[in-house]
2 protein chains.
Amino acid sequence: MTAIKMLRLDGNAADFEKRLQARLAWDASEDLEIHKRVLDIIGDVRNRGDRALIDYTNRFDRTAFKSGAELELSSGELKLAWDTLPSAQAIALQTAADRVSAYAEHQKLQSWQFTELDGTLLGQKVTPLDRAGLYVPGGKAAYPSSVLMNAIPAKVAGVGELVMVVPTPGGETNPLVLAAAYVARVDRVFTIGGAQAVAALAYGTETVPAVDKIVGPGNIYVATAKKLVFGQVGIDMIAGPSEILIICDGQTNPDWIAMDLFSQAEHDENAQAILISQDAVFLDKVEASINQLLPTMERADIIRASLTGRGAFIKVADLAQAAEVANRIAPEHLELSVENPEALADNIRNAGAIFMGRYTAEALGDYCAGPNHVLPTSSTARYSSPLGVYDFQKRSSLINCSAAGAHNLGKIASVLARGESLTAHARSAEFRV
Amino acid sequence: MTAIKMLRLDGNAADFEKRLQARLAWDASEDLEIHKRVLDIIGDVRNRGDRALIDYTNRFDRTAFKSGAELELSSGELKLAWDTLPSAQAIALQTAADRVSAYAEHQKLQSWQFTELDGTLLGQKVTPLDRAGLYVPGGKAAYPSSVLMNAIPAKVAGVGELVMVVPTPGGETNPLVLAAAYVARVDRVFTIGGAQAVAALAYGTETVPAVDKIVGPGNIYVATAKKLVFGQVGIDMIAGPSEILIICDGQTNPDWIAMDLFSQAEHDENAQAILISQDAVFLDKVEASINQLLPTMERADIIRASLTGRGAFIKVADLAQAAEVANRIAPEHLELSVENPEALADNIRNAGAIFMGRYTAEALGDYCAGPNHVLPTSSTARYSSPLGVYDFQKRSSLINCSAAGAHNLGKIASVLARGESLTAHARSAEFRV
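By the naming in an unreviewed UniProt entry, chain A is Histidinol dehydrogenase, taken from Methylomonas koyamae. Under the UniProt heading Sequence similarities (unreviewed entry), the note attached to chain A is "Belongs to the histidinol dehydrogenase family." Among the UniProt annotations of chain A, the heading Pathway (unreviewed entry) holds the following wording: "Amino-acid biosynthesis; L-histidine biosynthesis; L-histidine from 5-phospho-alpha-D-ribose 1-diphosphate: step 9/9."

Below is the structure:
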């Protein structure tokens, strides 16, 4: 096995920006053939409802459902999965759920209002979504932690009904996933997946109720379907490959840093793991750790492909420069493995989640620290946020004018409306003057 | 001129749901030809930068720009527009700006954090976007109020730089729009528009800086371009036609209600104005008012087309039923023209903005009440919110584990990671146990 040589970039080189952008580049362009097939499936589910949903499910998941009713799992089946879980897993799942829930409580938006001197009331009313849909992948990528992370913020927000879909390829359910759905108090579970499940959640069928928003990860068919139903329903982000960026001052055990890089790299050949340090000798040490630890890893092939294809070591002059590079990258996960992480965090503007200090492995955040593991990827942390309770709430503006308020505001509105040649607006306001 | 006969729906008829949905249906399907042309423009601006931007601008806007520098308006030009504004308009604009700003201050998200017993810190850090772009239409649809509504939340959020683009067809600028940009403290203004302006904001050119998010209304080319650059940058909603839903108990002056319906209908033939009442006689009175007032309106043709093509009167049994119909429609603007609007508002879950009481004309909210006039349309109020300060802020999760915290959490993470066969995750956590 050849040793891994990490791509080295120098933050002070003239071509640094260009080389960095080349390494970050990620082609998320659409596959038009998939686009077309997904459009067909959505159209068919809209037209034929359950019949289409059952046809696609039986074809793609090799199942033999005959009626819509067979697609739903009973609450008893969820409870059974929970009751028969080995106790170490049950305790870990419950502890994680409790911590994610406790953190999420801090995110709840509250309604507010205030009254002006003339008696006019202004405010903002916050309400939960009536119904949300949660997509959970089946097969290999079935992650119970993902069920918790997507379901709990919805429940904390007070969503009226939370509907989960999870495909059961070959008819096989995943007990850990069902147990997680039980712990997270998911209301209804349907054993469907793919674009057909997204279409069913967006438009409803005889069996599956239409929801207001769909969240959760999925393959390219699911992601494409979510994009295509957006507008009919809300969606969460479309996630790119997972990313970790570590800033280390050179004083952390290089094995720890190597394993933290692995923990993202093992997700996927396209995952991106980058280390920044002002200490070139330390970068060499981490490379040595990588090569020493790699042969012991179960997913060594994936890790190797990720690190050699998309990984990088960046040498910078100091931590201030490291922070600026991090802000340009805007990573999904950012570890600050340094002596004074608070000071460094003050300089970070763009990152999905910030893991501070040598003890805070990114993996803790993936499972049980409390904050959500659904985070903005592909530099979208420049403008978007982790999944949270606020994604399952929405706001309505409140305006209640007193007679005096309508008089005062009406005069202003009239001037501005006439400036825009919208005379019905003006006259509507003037009626109240 | 033939009298307008409003479409009448009965909330208790067997076919009500079907007829209501037919009236609400709005086809927002893409025009593939436009899609392709916009893709070409975006690709060209990415490749050729300023040269492409100048070429398209000169072609579409009939201008004769030669260099990138000519595309930017100086701050002196903005100030001049403001200084030469008639004083009634200046006062109205400043008052509106002050009120929108005061309301927006209430929306600012704050960072928070808490420390657990074992010393582990969890929190959420809120930061403004580094740079935002604001699209402002030129020509007929140039609305200074729209500049205020889009720019002020960004400035209140603390966005580092706010870049506005506005086309100048035939080289003509709109003094009211420039004055509004001055009042709203927009940082830079470029005289470009269309898909080429969106592409320039998303990817940057030699002259136009790349932004993190693009907001603001535009025609089908602008809307398509925004959809296509989404991901590279954030975008606000893609707005459908404007809508008003009025619930009236029959005790408001029918002329007021007719004019309020007009105030949305005058925007656009596709705008939707709907009135709900439990009082059938009142519906007749409003129809009479409509026919009496319509000939006096400057935009009578647009209003007529909107009311006959997409308007409706809905007769319900009582106000409780009216609220449920409103929740199903999830309107952009909802007027509660009733005796006790507070009680009725308690039953409203889905609406962009709620105008409470007989004095609160929707037009007041369009200009100067304070809440934003950029609101979710086409039933998207089921899951989305008015434009606000929060659209120009983003959150980063904070996790700082103590040694004891990493020990406790590491054990849980290890169990869950091994349950998902992610052993690098498990070992990364175990290193800290």
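Enquirer: I tried to follow the relation of the copies chain B and chain A on my own but got confused; where do I start?
Expert: For these two chain copies, the linking operation is a rotation about an axis paired with a shift along it. Take chain B, turn it by 180°, move it 0.0 Å along the axis, and it overlays chain A with an RMSD of 0.0 Å. Between the two chains, the operation in question is that of a two-fold axis. For chain B, the smallest separation between a C-alpha atom and the rotation axis is recorded for B:Leu109, amounting to 4.7 Å. The share of interface residues of chain B whose copies in chain A are also at the interface is 100%, consistent with both copies meeting through the same surface.

Enquirer: What exactly am I supposed to notice about the domain arrangement of chain A here?
Expert: How big an interface is tends to be reported as the loss of accessible area on association of its parts. Partitioning chain A into domains gives domain 1 (8-28 + 241-369), domain 2 (32-108 + 128-235) and domain 3 (401-430). Distance from the C-alpha centre of domain 1 of chain A to the C-alpha centre of domain 3 of chain A: 56 Å.

Enquirer: Looking at this structure, how should I read the interface of chain B and chain A?
Expert: Facing the 111 residues of chain B at the interface are 112 residues of chain A. Counting each side, the surface lost to burial between chain B and chain A is near 9800 Å², with a carbon and sulfur contribution of 58%. Put simply, chain B and chain A have eight salt bridges between them. Counting every contact that joins chain B to chain A gives 65 residue pairs in polar contact (both at pLDDT 80 or more). With 10 residues, helix H16 (residues 403-419) of chain B is the largest single contributor of residues to the side of chain B that touches chain A. Bridging between strand S15 (residues 393-400) of chain A and strand S14 (residues 353-356) of chain B involves three bridges; their strand directions are parallel. Bridged to A:Ile399 within S14(B) is B:Phe355.

Enquirer: Is there a simple way to think about the side chain of A:Asn327 in this case?
Expert: All names here are of chain A. Along the chain, Asn-327 turns up in helix H13 (residues 319-329). Take Asn-327: its relative accessible area is 2%, and that puts it in the buried class. Each residue touching Asn-327, except ones within four places of it in the same chain, is listed here: Asn-347, Ile-348, Arg-349 and Asn-350.

Enquirer: Just to check I follow, could you spell out the environment of B:Leu109 for this structure?
Expert: Structurally, B:Leu109 can be placed in the loop between helix H5 (87-105) and strand S3 (112-115). It is 7.6 Å that separates the C-alpha atoms of B:Leu109 and B:Gln393, two residues lying 284 residues apart in sequence. Sequence-distant contacts of B:Leu109, that is, excluding residues within four places in its chain, are made with A:Arg395, B:Val126, B:Tyr390, B:Gln393 and B:Arg395.

About the thresholds
Residues numbered from 1 in each chain as written. Chains lettered and ligands numbered in written order. Predicted model: local features only at pLDDT ≥ 70, side-chain atom pairs only at ≥ 80, totals over all residues. Heavy atoms only, no water. UniProt positions renumbered as here; feature names shortened; annotations may be inferred. Least-squares fit on C-alpha atoms with pLDDT ≥ 70 in both. Contact = heavy atoms within 4.5 Å. Domains from an automatic or database assignment. Buried area = accessible area lost by both parts, 1.4 Å probe. Salt bridge = Lys/Arg side-chain N within 4 Å of Asp/Glu carboxyl O. Polar contact = N/O pair within 3.5 Å; in protein donor to acceptor, adjacent residues only side chain to side chain. Helix = DSSP H or I, 4+ residues; strand = E, 2+ residues; numbered from the N terminus. Pairing = 2+ DSSP bridges. Buried < 20%, exposed > 50% of the residue type's maximum accessible area, 1.4 Å probe, protein only.

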